[in-house]
Structure formats: C-alpha cells, structure tokens
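Survey of secondary and tertiary structure
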Amino acid sequence: AVDSSDKSVKIGDRGEVISRSTTGSKYHFVCRYPNSPEWNELSDNVELELPGGFRVGDGLVCKIDKTSKQGLLAIGDRGFVLGRASMPGYDFLCRFPNFQQLNVLQKEVELELPGGFLVGDVVIRKVDFKNPIISVAAGDRGTVIGRSTTCDKTNLLCQFPNCPKFNFWAGNMELEDGPKSSASSTASTAVPTPASPAASTSADDDEHE
C-alpha cells in the first residue's frame, strides 16, 4: 500500500500489525490504524501494547501478597514491565525487587505514573496554569485519570473541576493524602518525579503544559 495525504496517524493511536512490509527495507511492517487501513510503519515509531494497555518499561505497583519458591511479592512493591508473558494464562512479564522475571495478571498490579502517581490519586495543583483552552489555579483539587496522551512522558492526564481532561506536568502536582499503595520495597524501581520539561514546539503544545 502507498501512504497518501488522506491518511493520518497520530501519537497514541492504536493499531495492529497485519503483514510484513512490501515497500523495501525502509519499512518494517504494515499496520492497520483507525484512519489508515494500511500504513507502512517503522518499528521505532511504535511500542507494543500489552493487556490492559500496559507497555514495556511501565512502572508498576503490586496489589497483592504472593509467595513462591523464588521469593515474596508484597502489596506496594514496585517493579516494571519487561514484555509479553512467558507462560500461558498470564498477561505480561515483570521484574520486582525479589523477582528478576515474574509472570503476572493485570489485576495483580496497577500502573505507576511519573512522580509515583497512580490512576485515581487525588492531587493538588501547586502553581497556576492558563492557556486559551483551560485555567487551573494553585490549590485546585483534581484527579489523575491516566498516562499522558502526548509524546511528553513527564506528564499526567488529569481532571479538574474546570478541566475534564488535560496533560499536566507531574512536578506541578502533589498528593492530597498519602498514596493509595504504600511502597514496602526500598529497591530503586519507583518512578521518579521527572525533571521540568524543556520548551516544546510540537504539534501537541495545546494539549499539555
């Protein structure tokens, strides 16, 4: 297939691999996206989506206590996603402080976002922010609703009273109360609060601070 101007693929679009590329060595495979039934794609431009929307490298917080011959996995332990499950019946392969490789179910973990935030955390805005679309003041109370929908992975998708959905820098948020899952592990697997993002000129500037 030949890519044409009436097709488009945006950051965050979900698609599926449908075949090898037939256009030469520049492309690695052909994908199907909502607005593009056949799109020649470079492997560097996409990432694997695992069950529940998890991705390789995502930080995790454990939601269960689990004991095996390998060791103990406790509620609040932090780890990260390695890739596809290596055994049937599981959702993906992870690493935790006591496990170099552990197959887990999606329901046993939750996504840890930049700054260590979790989906559902109630946050307080630390500084004012205003653009032509929204206005959020320091002290406003909001909720983390997911990962960033832009290419800037230092952001969180949040909801505030006057803002149903917007990508905010994690460093400008603080928890209203303690975290939903207390970290019982002292290993350095937690997701750190990211450095302040540099000025951007990307096409999604109106979607994040």
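These numbers come from a predicted model, not from an experiment.

**Description of the sheet that holds strand E3 (residues 36-41)**
Taken together, the three strands give an open sheet; going across it, the order is E1-E2-E3, and neighbouring strands pair in antiparallel fashion. This sheet does not close on itself; its edge strands, each paired only once, are strand E1 (16-20) and E3. Ignoring strand direction, the axes of neighbouring strands in this sheet form an average angle of 35 degrees. Relative to E3, strand E2 (residues 29-33) runs antiparallel, the two being bridged by four bridges.

**Notes on the confidence of the model for the protein**
Averaged over every residue, the pLDDT of the protein is 82; residues scoring 70 or more account for 81%. Within the model, pLDDT remains below 50 along residues 1-5, and this stretch shows nine contacts once partners closer than five positions in the same chain are excluded. This stretch, residues 179-205, has a pLDDT under 50; its non-local contacts, to residues over four places away or in other chains, come to 54 contacts.

Criteria and thresholds
Residues numbered from 1 in each chain as written. Predicted model: local features only at pLDDT ≥ 70, side-chain atom pairs only at ≥ 80, totals over all residues. Heavy atoms only, no water. Pairing = 2+ DSSP bridges. Helix = DSSP H or I, 4+ residues; strand = E, 2+ residues; numbered from the N terminus. Axes fitted to C-alpha atoms, helices over the stretch in contact; angles between N-to-C directions. pLDDT = per-residue confidence, 0-100. Contact = heavy atoms within 4.5 Å.

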